[in-house]
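# Secondary and tertiary structure notes
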Amino acid sequence: MTDAVGLSPSATPPSAGGAEPYRWRWVALFVILAAEVMDLLDSLVTNIAAPAIRQDIGGGESTIQWLGAGYTLAMAIGLITGGRLGDIFGRRRMFMLGAAGFTLGSLACGVAQEPWQLIAARIAQGLLGAVMLPQGLGIMKEIFSPKEQGAAFGMFGPVMGLSTVGGPILAGWLIDADFAGTGWRMIFLINIPLGLFAFIGGRVFLPAQAEGRTVRLDLVGALLAAVGAATVIYPLVQGREHDWPLWAFALLAVGVAVFGLFGWYESRRKAVGADPLVEPSLFAKRGFSGGMVLGLIFFTAMTGFWLTFSLYTQLGLHYSPLKSGLAGVPASVGMVIAFVASQALQRFGRKVMHAGLLVMLAGVLGLMYTLHSQGAGVTPWQTVPALLVTGLGMGLVMAPFFGMVLASVDAHETGSASGTLTAVQQLGGALGSAILGTVFFERLKTTDFAGAEQLTLWSEIAMLVAVFAAIFLLPEHARPEDGEGAPEGSADAAATVDVRKEGEHQPV
């Protein structure tokens with residue numbers, strides 16, 4: 001079959017084995033980046049839009065938490081199998097399916113009339129995004145030569161950095177501008193042209209691959225992981241609104257038990273020669289297991305920090321959505337600076353992560369002092385120093401995270417380890433909305449917004465101290481080959497995913 005551009009897509013990797021380079025590879029890169037930008041913006045926008053959404057369509061305080069947690073939880077669950085769907089059915093086909101579904105999900109978000117409709121649409125976005133995003137990285141591996149991969153993957157940094165800084169401003173401006181009376185709905189409707197570009201561009205410019213069908217999906221394992229995650233997140237969000245009934249604690253216990261069953265099932269699957277969802281041997285490695293704990297706590301703390309800061313600035317300080325978005329920009333700038341600087345600091349290994357934690361702690365303490373000393377009259381300009389330092393610290397922790405954790409795994413385990421770590425990153429995002437969002441709203445029962453934010457920041461500090469201790473479980477240095485722009489499934493591919501997500505839970 002011939003594409004509309006007159007190119008016959010090859011069923012084999014266009015850049016492999018001495019073949020001619022794929023003609024449309026650089027155009028294909030921009031199609032893939034459009035999908036990445038869509039995901040990043042949709043991970044960001046609900047923090048700033050949540051108060052306006054709740055005022056318009058109602059819902060309880062848990063609605064605000066579910067807008068973020070539903071998306072990231074669905075993304076975490078979907079990413080476990082999303083990449084393998086591309087291996088089985090073809091990456092271009094799955095990319096287009098994901099782009100179409102994500103666009104329809106965005107439309108459903110934009111026209112939702114009830115909180116449950118919006119939350120359901122957000123979950124659909126997360127699931128379809130998890131089908132779409134892994135395919136882009138896999139296609140890049142195939143269409144770019146090893147020499148070009150560094151430049152191609154290097155495009156993620158500037159594009160995602162610009163999205164991180166500009167996303168909060170764009171979201172706040174769209175809500176305040178209220179085009180044609182759409183208000184907050186425009187933050188989702190703006191995805192429609194981006195999604196159409198990704199879908200049509202995928203059909204025209206991405207190469208087709210033959211259907212491999214060499215790997216069978218571990219559907220039982222995926223179901224167990226989904227049930228375990230959902231039964232942990234749900235009671236953490238809803239338990240507070242029901243005054244912590246017995247069923248909330250029972251569900252938490254069930255969630256822990258299901259994760260234990262998941263581990264047993266994966267070991268059994270590996271023992272009989274089937275393809276496990278996660279390589280069981282990974283958990284015997286201290287560096288990887290410690291990295292999972294570290295990542296889960298860190299991304300929980302990071303997501304909860306930005307959610308509650310955005311709520312405090314809008315509900316407590318009465319900032320407009322645009323003003324709240326602008327208030328968080330210094331942290332985004334700090335993270336971008338840290339990611340650039342981290343390239344020169346790689347030789348210091350995990351010391352960079354420890355230094356980043358200390359810098360981040362200093363920033364959070366500085367923010368606490370600023371909010372307490374200035375009170376209700378605090379301005380965005382007064383929070384700039386503390387947030388800039390906080391963002392610098394975050395970036396110094398995130399930049400080497402994947403490479404450091406993957407340094408402890410064997411080559412044949414890297415693909416499974418990369419996917420698992422990315423899913424943990426998303427699960428941490430869901431837990432951040434659930435745990436620190438619950439701390440914030442629970443405290444509001446007995447105090448004002450300032451008191452709720454102070455308690456949340458103290459909880460943040462406790463989590464960061466735990467992360468500081470967990471860093472000692474990692475190897476002292478990443479492997480020398482990390483950072484070369486390697487194919488998907490390598491440590492570098494994971495690092496690329498990390499760069500893509502560098503601003504995912506920034507304030508918006």
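This text goes with the structure placed above it.
Presented here is a report on the structure given in the accompanying data block. (Residues numbered from 1 in each chain as written. Predicted model: local features only at pLDDT ≥ 70, side-chain atom pairs only at ≥ 80, totals over all residues. Heavy atoms only, no water.)

### Focus on the overall build of the protein chain
Put simply, the rule reads: Only DSSP runs of H or I covering at least 4 residues are called helices, and only runs of E covering at least 2 are called strands; the numbering of each starts at the N terminus. Type-normalised accessible area, obtained with a 1.4 Å probe on protein chains alone, sets the label of each residue: buried when under 20%, exposed when over 50%, and partly exposed for intermediate values. By definition, residues are in contact when any of their heavy atoms lie within 4.5 Å. Here the accessible surface of atoms and residues is derived via Shrake-Rupley with a 1.4 Å probe, and residues count as covered only by protein chains that are part of the display.
Helices and strands together make up the secondary structure of the protein chain, namely 19 helices and 0 strands. Here the protein chain holds 508 residues, and the buried ones make up 58% of them. In the protein chain, of all internal contacts separated by at least 6 residues, the share reaching a separation of at least 24 is 83%. Summing over all exposed atoms, the protein chain offers an accessible surface of approximately 19000 Å²; the carbon and sulfur share of this is 68%.

### A few points about the environment of E442
Mapping E442 onto the fold places it in helix α17 (residues 414–443). In sequence terms E442 and R240 are 202 residues apart; their C-alpha atoms lie 6.9 Å from each other. With residues up to four places along the chain from it excluded, the contact list for E442 reads R240 and W244.

### Thoughts on the packing of aromatic side chains
Using the following cut-off: Any two rings among Phe, Tyr and Trp, with Trp reduced to its six-membered ring, count as a pair given centres within 6.5 Å; such a pair is stacked if its planes are under 30 degrees apart, edge-to-face if over 60, and tilted if neither.
Scanning all chains against the criterion turns up 18 aromatic pairs. Judged by centre distance (6.1 Å) and plane angle (35°), the ring pair of Y234 and W247 falls under tilted. One end of the pair, Y234, is in helix α9 (residues 219–238); the other, W247, is in helix α10 (residues 246–271), and 13 residues separate them in sequence. Relative to F472, the ring of F468 lies with its centre 6.1 Å away and its plane at 80°, an arrangement referred to as edge-to-face. Aromatic rings pair up to connect F298, F299, F401 and F402 into one cluster.

### Describing the side chain of R240
Structurally, the position occupied by R240 is in the loop between α9 and α10. Among residues more than four places away in sequence, those in contact with R240 are E61, S62, Q65, T438, F441, E442 and K445.

### A closer look at the pattern of salt bridges
Note the threshold: The term salt bridge refers to a side-chain nitrogen of Lys or Arg lying within 4 Å of a carboxyl oxygen of Asp or Glu.
With the rule as written, the count across this model stands at 9 salt bridges. Residues R185 and D56 are paired through a salt bridge, measuring 3.5 Å at the closest nitrogen-oxygen approach. On the criterion of sequence distance, the pair formed by R185 in the loop between α6 (156–177) and α7 (186–189) and D56 in helix α1 (residues 25–57) is long-range, its members being 129 residues apart. Relative accessible area serves as the criterion here: at 13%, R185 is assigned to the buried category. When its relative accessible area of 45% is taken as the criterion, D56 is described as partly exposed. Note that R240 is salt-bridged to E241, the shortest N-O span being 3.9 Å.

### Brief notes about the nonpolar core
Condition: Definition of nonpolar core: a set of buried residues of the types Ala, Val, Leu, Ile, Met, Phe, Trp, Tyr and Cys, connected through side-chain atoms within 4.5 Å.
Among the nonpolar cores identified, the biggest contains 97 residues, and L118 and F298 are the most heavily contacted of them. When residues of this core are assigned to their parent elements, the largest contribution, 13 residues, is made by helix α11 (residues 286–316). In contact with F298, other than residues within four places in its own chain, are M360, M394, V397, M398, L464 and V467. L79, A130, F153 and M160 belong to the second-largest nonpolar core, a separate cluster that totals 32 residues.

### With respect to unusual backbone geometry
One non-glycine residue, A180, lies in positive phi territory at about 50°. For A180, the position within the fold is in the loop between α6 and α7. Positive phi, normally seen in glycine, also occurs at H318, with a value near 60°. Relative to the assigned elements, H318 resides in the loop between α11 and α12 (321–327). With a relative accessible area of 65%, H318 lands in the exposed category.

### A word on the environment of G377
Within the element layout of this structure, G377 appears in the loop between α14 (350–374) and α15 (380–398). For the pair G377 and L317, spaced 60 residues apart in the sequence, the C-alpha separation amounts to 7.6 Å.

### Things to note about the packing of α14 against α15
Let me state the cut-off plainly: Only the contacting stretch of a helix is used when fitting its axis, a line to C-alpha atoms as for every element, and angles between N-to-C directions run 0 to 180 degrees. Roughly parallel means an angle under 35 degrees; roughly antiparallel, over 145; roughly perpendicular, 65 to 115; everything else is oblique. Handedness of a helix crossing follows the sense of rotation of the near helix relative to the far helix, less than a right angle counterclockwise being left-handed and clockwise being right-handed. When residues are grouped by polarity, Ala, Val, Leu, Ile, Met, Phe, Trp, Tyr, Cys and Pro land in nonpolar, Asp, Glu, Lys and Arg in charged, and all others, Gly among them, in polar.
The geometry of α14 relative to α15 is characterised by a closest axis approach of 7 Å and an angle of 160° between their N-to-C directions. Between α14 and α15, the crossing angle belongs to the class labelled roughly antiparallel. Here α14 runs over α15; the crossing is left-handed. Classifying every residue of the contact of α14 with α15 by side-chain character gives 16 nonpolar, 9 polar and no charged.

### Quick look at the environment of F179
On the secondary structure map, F179 appears in the loop between α6 and α7. For F179, the contacting residues outside a window of four places in its chain are W173, L174 and M186.

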